[in-house]
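# Observations on the three-dimensional arrangement
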Amino acid sequence: MQERYDHKIIEQKWQKIWENSKAFKAREDKAAKKYYCLEMFPYPSGKIHMGHVRNYSIGDVAARFLSMRGFNVLHPMGWDSFGMPAENAAIQHGVRPKEWTDENIASMKTQLKRLGLAYDWDREITTCSPEYYRWNQWLFLKLYEKGLAYQKHSAVNWCPQCATVLANEQVEAGLCWRCDTHVEQKNLKQWFFKITAYAEELLDYCDKLQGWPEKVLVMQRNWIGKSIGAEVDFKIENSD
Ligand SMILES: [Zn+2]
């Protein structure tokens, strides 16, 4: 018996067995209780970093625990692969955005597989593939038809370095969260979703979320942005 744990031999052996037997495949089974375990998909920016390892280890523990408890667990993985970073990196490296994105996906997928995470890789999706985003487009058209997607001019947070619009949560002390460049305000015509039509419903659901950290709930409530105004009484000098 070897005294030292040889991770290369042991992990490769078991990962191969899991892959060949499709150990983490979600199968249709009406009798089993279902559990959908989804972590945020990574942006295919190059290599897996420790933040990914932390996040995906937590999801992996939950997925494995529940499948060992008899749940039919669907634990998929995918790539959040649209946006300006791919375009900017492509310009910088003189390659096509698709090449840069596909290469990063391939190397990050190899890294995630070496971590032995319990994913059903048959369900892998890539948001920049037409088979996937045709459904985003379909959904957008449904919202547009109902008047829930519309255009107007509005001031936005703009990072001149990333050449992209940032959400309020992506601006930290006036700086871009990605590159620390000073964020500017820019007036742009842009698309909006009329989430205010669902403000009450969304707020009701915030109250029903059990075990969520209060700071996340506050962020959600602020994002929903319901405002009922304020009433203030002022005394007028020399008047009743
Ligand atoms: Zn930036």
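Everything quoted here is computed from the prediction, not taken from an experiment.

About the criteria used
Residues numbered from 1 in each chain as written. Predicted model: local features only at pLDDT ≥ 70, side-chain atom pairs only at ≥ 80, totals over all residues. Heavy atoms only, no water. Helix = DSSP H or I, 4+ residues; strand = E, 2+ residues; numbered from the N terminus. Rg over C-alpha atoms; globule rule 2.2 N^0.38 Å. Buried < 20%, exposed > 50% of the residue type's maximum accessible area, 1.4 Å probe, protein only. Contact = heavy atoms within 4.5 Å. Areas by Shrake-Rupley, 256 points an atom, 1.4 Å probe, with all protein chains shown as cover. Lys, Arg positive; Asp, Glu negative; His and termini not counted. Charge placed at Lys NZ, Arg CZ, Asp CG, Glu CD. Donors = N, O, S within 2.8 Å, 3.2 Å for Na, K, Ca; no water. Tetrahedral: all angles 85-135°; square planar, octahedral: opposite > 155°, others 65-115°. Core = buried A, V, L, I, M, F, W, Y, C linked by side-chain atoms within 4.5 Å. Domains from an automatic or database assignment. Buried area = accessible area lost by both parts, 1.4 Å probe. Polar contact = N/O pair within 3.5 Å; in protein donor to acceptor, adjacent residues only side chain to side chain. Nonpolar A, V, L, I, M, F, W, Y, C, P; charged D, E, K, R; others polar. Phe/Tyr/Trp six-rings, centres within 6.5 Å; stacked < 30°, edge-to-face > 60°. Lys NZ or Arg CZ within 6 Å of the ring centre and 35° of its normal.

## Examining the overall build of the protein
Assigned secondary structure in the protein consists of seven helices and nine strands. Compactness check: the protein gives a C-alpha radius of gyration of 23 Å against a globular reference of 18 Å for 240 residues, more than 25% above the reference. Expressed along its principal axes, the backbone C-alpha trace of the protein runs to roughly 95 × 50 × 45 Å. Out of the 240 residues belonging to the protein, those deemed buried represent 26%. Partitioning the contacts of the protein with sequence separation of at least 6, the portion at a separation of at least 24 is 69%. Per element, the accessible surface of the protein, about 18,400 Å² overall, is 55% carbon and sulfur. Side chains of the protein give 33 positive and 31 negative charges; the mean places of these two sets differ by 8 Å.

## Details of the coordination of the zinc ion
Around the zinc ion, the protein contributes the donor atoms Cys159 (SG), Cys162 (SG), Cys176 (SG) and Cys179 (SG), which lie 2.3 to 2.4 Å from the metal centre. Geometry at the zinc ion is tetrahedral, judged from the four donor atoms that bind it and their angles of 104 to 113° at the metal.

## Observations regarding the nonpolar core
One recurring pattern in soluble globular proteins is that nonpolar side chains are buried together. In terms of nonpolar packing, the biggest core is built from 11 residues, these being Ile48, Val53, Tyr56, Met77, Trp79, Ile105, Met108, Leu112, Leu117, Tyr119 and Trp121. At the level of secondary structure, the elements contributing two or more residues to this core comprise helix H2 (50–68) and helix H4 (97–114). The greatest single-element share of this core, amounting to three residues, is contributed by H4. Setting aside residues no more than four positions away along its own chain, leucine 117 makes contact with Phe24, Tyr56, Ser57, Asp60, Arg64 and Leu112. In this structure, Cys162, Leu166, Cys176 and Val183 belong to the second largest nonpolar core, which totals five residues.

## Here's the deal with unusual backbone geometry
With phi around 50°, lysine 22 is a residue other than glycine that occupies positive phi space. Tracing the backbone through its elements, the reader meets lysine 22 in the loop between helix H1 (7–21) and strand E1 (34–36). For lysine 22, a relative accessible area of 38% corresponds to the partly exposed category. In the Ramachandran plot, asparagine 238 falls in the positive-phi region, its phi being about 60° despite a non-glycine side chain. In this structure, asparagine 238 sits in the segment after helix H7 (214–224).

## Here's the deal with the domain arrangement of the protein
What the domain assignment reports for the protein is domain 1 (7–128), domain 2 (129–193) and domain 3 (195–224). Each of domain 1 and domain 2 was reduced to a C-alpha centroid, and the two centroids are 26 Å apart. Of the residues lining the interface, eight residues belong to domain 1; the matching set on domain 2 comes to nine residues. Between domain 1 and domain 2, a total of about 590 Å² is buried, with carbon and sulfur atoms accounting for 60% of that surface. Area buried by domain 1 at its contact with domain 2 is led by Met84, Thr127 and Cys128, which between them contribute 47% of it. Our count for the domain 1 to domain 2 interface comes out at two residue pairs in polar contact (both at pLDDT 80 or more). Counting only elements with at least two residues in the side of domain 1 that touches domain 2, the list comes to helix H3 (84–93) and strand E4 (125–126). Here the side of domain 1 that touches domain 2 gets three residues from one element, more than from any other, and that element is H3. Of the residues belonging to the side of domain 1 that touches domain 2, the class tally is five nonpolar, three polar and no charged.

## Points about the packing of aromatic side chains
This structure, assessed with the given rule, holds nine aromatic pairs. Relative to phenylalanine 71, the ring of tyrosine 35 lies with its centre 6.3 Å away and its plane at 85°, an arrangement referred to as edge-to-face. Note that tyrosine 35 is positioned in strand E1 and phenylalanine 71 in the loop between H2 and strand E2 (72–74), a separation of 36 residues in sequence. With relative accessibility at 35%, the residue tyrosine 35 sits in the partly exposed group. Overall, phenylalanine 71 belongs to the partly exposed group, its relative accessible area being 21%. Clustering of aromatic rings is evident, with ring pairs tying together Phe140, Tyr144, Trp191 and Phe193. In this arrangement the basic side chain of arginine 64 is found over the ring face of tryptophan 18, its NZ or CZ atom lying 4.6 Å from the centre. The residue whose ring lies beneath lysine 186 is tryptophan 158, and the NZ or CZ to ring-centre distance is 3.9 Å.

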